[in-house]
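Results of the structural survey
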Amino acid sequence: MTSGHEVILQMQEICKRFDTLQALDHVNFELRAREIHGLLGGNGAGKTTLMNVLYGLYREDSGEIFLKGKKIAVNSPKDAIRYGIGMVHQHFLQIGSFPVVQNIVLGTSVKNRFTLNLDYEAGKIKELCQRFSIEVDPFANVNELPMGTRQKVEILKALYRGVDILILDEPTTNLTPQEVDALFQTLKVMVNEGLSIVFITHKLREVMSVCDRITLLRNGQNVTTIDRRAATEEELVRGMVGETMDVSKSVIFSKGASEQINRSLSERVVLEMEKVHCVSEQGIELLKNITLRVHEGEIFGIAGVAGNGQLELAEVIVGIRPISAGEIKVYGKSSSQMISSDLLREGITYIPEDRLEDGYLPKATVAHNLILGAHRQEPYSKKGFINWRKVYEVSKELIKEYNIKTSGPADTAANLSGGNIQRVMIARAFAHAGDSLLVAHNPTRGLDIPSMDFVYHKLLERKRQGYSTLLLSEDLDELLLLCDRLGVMYRGELVGILNRDQFEKYEIGRMMSGVKRNL
Amino acid sequence: MDISQGFITFLRSLLLTMVPFVLAAQGTMLAGRTGVFIVAQEGIMLTSASVGFIVSYKTGSLFYGMLAALLVGGIYGVLIAYMTTTLKMNQFVIGLSFYFVGVGLSTLIPKLVIGVTLTPPLIPTLQDVPIPALRQIPIIGDIFFNHNILVYLSILISMLLYYFLYKTSWGLEMRSVGENPKAADSLGINVSLQRYIAVIIGCMLIGLAGVYLPMVYTGTFTEQMTRGRGWLSSALAFFGGWRPLPIFLGSLFFAGIEVLSYRVQVQSVGIPYQFLLMLPYVATILVMMLTFKRSTTPAFLGKNYDREKRTL
């Protein structure tokens, strides 16, 4: 691929602060015409913040932006669009109840503005689809479309506005491997048509396979900008994680760590689900005929595009959501009569997906947050009274072990940064993780790389100790790295279960889009 | 003949009674479509009724009274929009506060301007404006085409709002703000401006609904004369799924209950009228229970939007 040489966009010395957090610290960024520029870094590196500044969603505290050599001020997305800059957000900004064409033309002037007959605009969208070989029905309702197509709608939104610069924020989240390939194809077509693309990601392999140049950020600062051909994975890894992490011992980066594990299955079954159904109050079938067994010491993964029943599966297992039919057994005992606190005592622990929403008390102390849920058990509590000295002792140990940045156990949890709150949640889950089963839903979402690696270590350690884990994750790489077996969910159904030796990305991708496999 | 005459009178009074419901509920709906949930209708209606009445009384012109009511509504609109959209204060707290302010002002202002009088000051009520030709049609003409100007206006406004929201690109933009302000913002739609416009116009309609009461029903202002119609307009917005045409039909239904409740009071037929007055609320709860699955309530109703607020 040839990329132009002239620089079309420069961001210089950009600073942005959120309360106590310096999100961007004198960051520089430069985009050339007709290149795919990877913006790489772990969570909290500042990638999205930097691009939100460019798109006018955030105002920079200081710094300058130049477009084709001329200084510009981007005060709102409206300005950005006027300057030919478009952005596809990680969480799609769409109005589910509107059809595709309305979502796309929204905010632009349309031909029939007094009748809202959008046939003319739909025609223009179809032309764009053809030109960039994208397939979307302009009159479909957005909330009925699969994730991959919804993303195409987002891309079309930008193309429709005639942007020259397109920012994609973690565009491969929630896509099947097939959809990722199709996306990369589309990106190449777009570059050939004259666009320049900023590709935000935390996935090394993606920048290596599709980008021309790479800018690496860490903790809101520039690390380096290099040509992809001159880059080595090792160098990028070092740049992403910094000096504090021992890469050779990491589960993520050293291939050996997860391969040397004994993967043979124990005979003892910890969790058994037999033809489990779950119907919502609105009569929607959330889970259909789920049958699976998790053995002792096993890491059983659940893959699937978000929203295909993973949350419901986790919730029925830990007893927060009732099942409509079937049976769930824990160590051979039916759990249907147990409520979640009984299950907690049976040794089942849950790391919820939305930890900030469901699992954290912002006004309470760090110590309080660390023992929440275990507070009824010894040694924290005797006859209904909490032994705060013990709680503080344990909390101090956890703060140290999990490297939580806080002034101490008495600190108010809301004072912590997002990443550190995540660590509190992780520490709580692992410190009290039951010896029978840990149900972990997207346990590494929002974590920076060292914390992520820490979680992986903990999960593998559980395995070595003979404890089981049900790992529900949107990150296919994470599942492939850790799991002994893997089930794929599609529309509330388990479309197949694979053994580790059958793991194959594209096969899993097909299953994620609903293609069944004989169990 | 007697029965059919009674039916015609009933339908006529239905149209007459629906007006404050239609205006206040359409105003609530319009603001709600951008995500601002007005709950101060009762207070806005009372202040507008009070000020509108006084202006009419002092100037001798009902038209000036209406303008004054629109102005009062507009001022409330500006304040509510400023506090919720610009200052991002809690919409319900603001709404309830303005309700109490409105109730207080509505009695305070007449006391200051007119003072205490033995006989209530009166204004002439709004005259019927028969529509030429159409008025001559038997029965239909009696029911539909011999009303005061605000009856026609409330029908017209309902239709205009439907057309605006669903058939123009500006309406599409306005609706998008209430459904997903972040999406709208990212496409260059000015979320704050849309909210200001919708809230101000919405409050003006609510103000007009308020001044209808002294101008058509009583000819004077009395304390708490809205009698819950303002609260009902919130219920009505939900009842009609925040869509102009169902809200219009819902207003007819609510008006029907009000008309019946007066008749029951006069004729004492055994149903306590308090029971009838309760019916609109019961109906609203039932409708919301039935339509719960496919609710058309704007997704961001009652929620403020802050562009730089980080959601982790």
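Since the model is a prediction, treat every value here as computed from it, not as a measurement.

The rules behind the values
Residues numbered from 1 in each chain as written. Chains lettered and ligands numbered in written order. Predicted model: local features only at pLDDT ≥ 70, side-chain atom pairs only at ≥ 80, totals over all residues. Heavy atoms only, no water. Helix = DSSP H or I, 4+ residues; strand = E, 2+ residues; numbered from the N terminus. Rg over C-alpha atoms; globule rule 2.2 N^0.38 Å. Buried < 20%, exposed > 50% of the residue type's maximum accessible area, 1.4 Å probe, protein only. Contact = heavy atoms within 4.5 Å. Areas by Shrake-Rupley, 256 points an atom, 1.4 Å probe, with all protein chains shown as cover. Lys, Arg positive; Asp, Glu negative; His and termini not counted. Charge placed at Lys NZ, Arg CZ, Asp CG, Glu CD. Buried area = accessible area lost by both parts, 1.4 Å probe. Polar contact = N/O pair within 3.5 Å; in protein donor to acceptor, adjacent residues only side chain to side chain. Nonpolar A, V, L, I, M, F, W, Y, C, P; charged D, E, K, R; others polar. Domains from an automatic or database assignment. Axes fitted to C-alpha atoms, helices over the stretch in contact; angles between N-to-C directions. Parallel < 35°, antiparallel > 145°, perpendicular 65-115°, else oblique. Left-handed = near helix turned anticlockwise from the far one by under 90°. Core = buried A, V, L, I, M, F, W, Y, C linked by side-chain atoms within 4.5 Å. pLDDT = per-residue confidence, 0-100. Expected span 1.5 Å × (residues − 1). Pairing = 2+ DSSP bridges.

1. Let's talk about the overall build of chain B
When helices and strands are counted, chain B shows 12 helices and 2 strands. The order of α-helices and β-strands along chain B, N terminus first, is α-α-α-α-β-α-β-α-α-α-α-α-α-α. By the compact-globule yardstick of 20 Å for 312 residues, chain B fits well, its C-alpha radius of gyration being 20 Å. Dimensions of chain B, computed from C-alpha atoms along their principal axes, come out at roughly 70 × 45 × 40 Å. The buried share among the 312 residues of chain B stands at 53%. Long-range contacts, defined as pairs at least 24 residues apart, comprise 78% of the intrachain contacts of chain B with a sequence gap of at least 6. When the accessible surface of chain B is split by element, carbon and sulfur atoms take 71% of a total near 14200 Å². If the 20 positive side-chain charges of chain B are averaged to one point and the 11 negative ones to another, these points end up 6 Å apart.

2. Section: the interface of chain B and chain A
How big an interface is tends to be stated in terms of the accessible area lost upon association of its parts. The interface is formed by 25 residues belonging to chain B together with 36 residues belonging to chain A. A combined buried area of about 2700 Å² lies between chain B and chain A, and 63% of that area is made up of carbon and sulfur atoms. Linking chain B to chain A there are 8 residue pairs in polar contact (both at pLDDT 80 or more). Of all elements in the fold, only helix H6 (149-167), helix H7 (169-179) and helix H8 (181-186) of chain B reach the threshold of two or more residues within the side of chain B that touches chain A. Split by residue class, the side of chain B that touches chain A holds 9 nonpolar, 6 polar and 10 charged.

3. Observations concerning the environment of Gly256(B)
Residue and element names in this part refer to chain B. Structurally, the position occupied by Gly256 is in helix H11 (residues 244-267). Residue Gly256 is classed as buried on the basis of its relative accessible area, which comes to 9%. Note: C-alpha distance between Gly256 and Ser61 (195 residues apart in sequence) is 31 Å. Discounting residues that sit within four places of it in the chain, Gly256 has contacts with Phe10 and Leu14.

4. Focus on the domain arrangement of chain A
Per the domain assignment, the segments of chain A are domain 1 (7-243), domain 2 (257-347 + 433-512) and domain 3 (365-430). Centre-to-centre separation of domain 1 of chain A and domain 3 of chain A, based on C-alpha positions: 39 Å.

5. Things to note about the packing of helix H2 (residues 41-59) of chain B against helix H10 (residues 229-239) of chain B
All names here are of chain B. Between H2 and H10, the least distance of the axes is 7 Å, while the angle of their chain directions is 135 degrees. Taken together, H2 and H10 sit at an angle that is classed as oblique. Of the two possible hands of crossing, H2 and H10 adopt the one that is right-handed. Contacts from Gln41, Glu42 and Met45 in H2 reach Arg229, Gly230, Trp231, Ser233 and Ser234 in H10. Residue composition of the contact of H2 with H10, by class: 2 nonpolar, 4 polar and 2 charged.

6. Let's talk about the nonpolar core
Met18(B), Ile38(B), Ile44(B), Ile80(B) and Val199(B) are the most contacted members of the largest nonpolar core, which totals 74 residues. Of all the secondary structure elements, the ones that give two or more residues to this core are helix H1 (2-32), H2, helix H3 (62-86), helix H4 (91-113), H6, helix H9 (191-218), H10 and H11 of chain B. Counting 67 residues, the second largest nonpolar core, distinct from the first, contains Leu40(A), Phe132(A), Val207(A) and Val237(A).

7. Looking at the confidence of the model for chain B
The predicted coordinates ought not to be read in detail in places where the model reports low pLDDT. With 96% of its residues at a pLDDT of 70 or more, chain B has an overall mean of 91. Interface predicted TM-score (ipTM) for the complex: 0.82; the corresponding pTM is 0.81.

8. Section: helix H16 (residues 449-464) of chain A
Residues and elements named next belong to chain A. The terminal C-alpha atoms of H16 lie 23 Å apart, and with 16 residues this matches the ideal 22 Å at 1.5 Å per residue to within 8%. Taken residue by residue, H16 has Ile449, Ser451, Met452, Asp453, Val455, Tyr456, Lys458, Leu459, Leu460, Arg462 and Lys463 as its buried positions. Where H16 terminates, the next one or two residues include Gly466, which has phi positive at roughly 90 degrees.

9. Regarding the sheet that holds strand E10 (residues 221-227) of chain A
Residues and elements named next belong to chain A. Spatial ordering of the open sheet is given by E6-E7-E8-E3-E9-E10, a layout of 6 strands whose pairing is mixed. Of all the strands in the sheet, just strand E6 (85-88) and E10 have a single pairing partner and so form its edges. Going from strand to strand, the sheet's axes swing by 15 degrees on average, the running direction of each strand aside.

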